[in-house]
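Each chain, letter by letter, is given below.
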Amino acid sequence: MAHALTAVRLVLIAPIATGFARPDLIGATVLTCLLCLAIATDVIDGRVARATGTESATGQVFDHTTDCLFVTSGLVGAALIDQMPWALPALVVTAFAQYVLDSYFLHQQKQLRMSTIGRWNGILYFVPLVILASARLPLFAVLEPFLRTSATLLAYGLVVSTLLSIADRALAPRVAE
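Keep in mind that what you see is a predicted model, and the values were worked out from it rather than measured.

1. Observations concerning the overall build of the protein
Here's step 1: From N to C terminus, the protein includes seven helices and zero strands.
Here's step 2: Its helices and strands taken in sequence order, the protein reads α-α-α-α-α-α-α from the N to the C terminus.
Here's step 3: Relative to the 2.2 N^0.38 estimate, which gives 16 Å for 177 residues, the radius of gyration of the protein is 17 Å and therefore close to what a compact globule would have.
Here's step 4: Counting only C-alpha atoms, the protein reaches 55 × 35 × 20 Å along its principal axes.
Here's step 5: A fraction of 73% describes how many contacts in the protein between residues 6 or more apart in sequence connect residues 24 or more apart.
Here's step 6: Accessible area for the protein stands at about 9400 Å²; split by element, carbon and sulfur atoms hold 70% of it.
Here's step 7: Of the side chains in the protein, 11 bear a positive and 11 a negative charge, and the two mean positions are spaced by 2 Å.

2. As for the packing of helix α5 (residues 116–124) against helix α6 (residues 126–135)
Here's step 1: One can describe the packing of α5 onto α6 by two numbers: an axis separation of 5 Å at closest approach and a directional angle of 15°. Classified by the angle between their axes, α5 and α6 sit roughly parallel to one another. Only Phe126, Val127 and Pro128 of α6 make contact with α5, whose side of the interface consists of Gly122, Ile123 and Leu124.

3. Topic: unusual backbone geometry
Here's step 1: A positive phi is found at aspartate 82, a non-glycine position, where the angle reads about 60°.
Here's step 2: With respect to the helices, strands and loops of the structure, aspartate 82 is situated in the loop between α3 (57–80) and α4 (87–106).
Here's step 3: The exposure class assigned to aspartate 82 is exposed, which follows from its relative accessible area of 69%.

4. Brief notes about the nonpolar core
Nonpolar side chains tend to gather and get buried jointly when the protein is soluble and globular.
Here's step 1: Core analysis: the largest hydrophobic core is formed by 35 residues, its most contacted members being Ile16, Phe20, Phe70, Met84 and Leu88.
Here's step 2: Looking at this core, the elements with two or more residues in it are α1 (2–21), α2 (28–52), α3, α4, α6 and α7 (144–176).
Here's step 3: In this structure isoleucine 16 touches Leu31, Leu34, Leu35, Phe70 and Gly74, once residues within four positions along its chain are discounted.

5. Side note on the pattern of salt bridges
Here's step 1: Scanning the model with the defined rule gives six salt bridges in all.
Here's step 2: Close ionic contact of arginine 9 with aspartate 42 constitutes a salt bridge, the shortest N to O distance being 3.5 Å. Separated by 33 residues along the polypeptide, arginine 9 in helix α1 and aspartate 42 in helix α2 bring together distant segments of the chain.
Here's step 3: Of the charged contacts, one joins arginine 9 and aspartate 63 as a salt bridge, the two residues approaching to 2.5 Å between their closest N and O atoms. One end of the pair, arginine 9, is in helix α1; the other, aspartate 63, is in helix α3, with 54 residues separating them in the sequence.

6. Concerning the environment of serine 150
Here's step 1: Position of serine 150 among the secondary structure elements: in helix α7.
Here's step 2: Sequence separation of serine 150 and isoleucine 131 is 19 residues, and the distance between their C-alpha atoms is 7.7 Å.

7. A look at a nonpolar patch on the surface
Here's step 1: A cluster of nonpolar side chains, Trp120, Ile123 and Leu124, forms an exposed patch at the surface whose accessible area comes to about 280 Å².
Here's step 2: Along the chain, isoleucine 123 falls in helix α5.
Here's step 3: Exposure remark for isoleucine 123: the relative accessible area of 38% places this residue in the partly exposed category.

Calculation rules
Residues numbered from 1 in each chain as written. Predicted model: local features only at pLDDT ≥ 70, side-chain atom pairs only at ≥ 80, totals over all residues. Heavy atoms only, no water. Helix = DSSP H or I, 4+ residues; strand = E, 2+ residues; numbered from the N terminus. Rg over C-alpha atoms; globule rule 2.2 N^0.38 Å. Contact = heavy atoms within 4.5 Å. Areas by Shrake-Rupley, 256 points an atom, 1.4 Å probe, with all protein chains shown as cover. Lys, Arg positive; Asp, Glu negative; His and termini not counted. Charge placed at Lys NZ, Arg CZ, Asp CG, Glu CD. Axes fitted to C-alpha atoms, helices over the stretch in contact; angles between N-to-C directions. Parallel < 35°, antiparallel > 145°, perpendicular 65-115°, else oblique. Buried < 20%, exposed > 50% of the residue type's maximum accessible area, 1.4 Å probe, protein only. Core = buried A, V, L, I, M, F, W, Y, C linked by side-chain atoms within 4.5 Å. Salt bridge = Lys/Arg side-chain N within 4 Å of Asp/Glu carboxyl O. Patch = residues over 30% accessible without salt bridge, like charges linked within 9 Å, V, L, I, M, F, W, Y side chains within 5 Å.

Here it is in structure tokens:
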């Protein structure tokens, strides 16, 4: 069941990316609903795995890889229409690759080795997407300029925090020696 919830997010990657890149193809309400569905499956899948005793290192990799692909695709869609700095999706992929390589190869663990800043970044990568999708809703039309600016400022903050996370993970093994 947990894998099925994660798979829903995987299926939503293309519609979400398209919705951000081509607002004329996917309306604001549909985009926002799809994004809410994706976030709900992300919140619930781990809980379901733990509650049913089906949590595993493979499930964790599936979940985190899906999250990376999902947010990166949405951020790329927004960057294509200049609503997001290109640096953010590039750094999300870089940080995720480092996370996997660090966990499995450098530390030779059998599961992903999380960090506090990386965990918070992983959660916060969804927020600019939520803000940009909300900005398109008629309900928030009057706030659209403010919301777009907020999303951009948050994106630049996430660029900085992702760079810090990458540096922290790169330096951690040396500090431990």
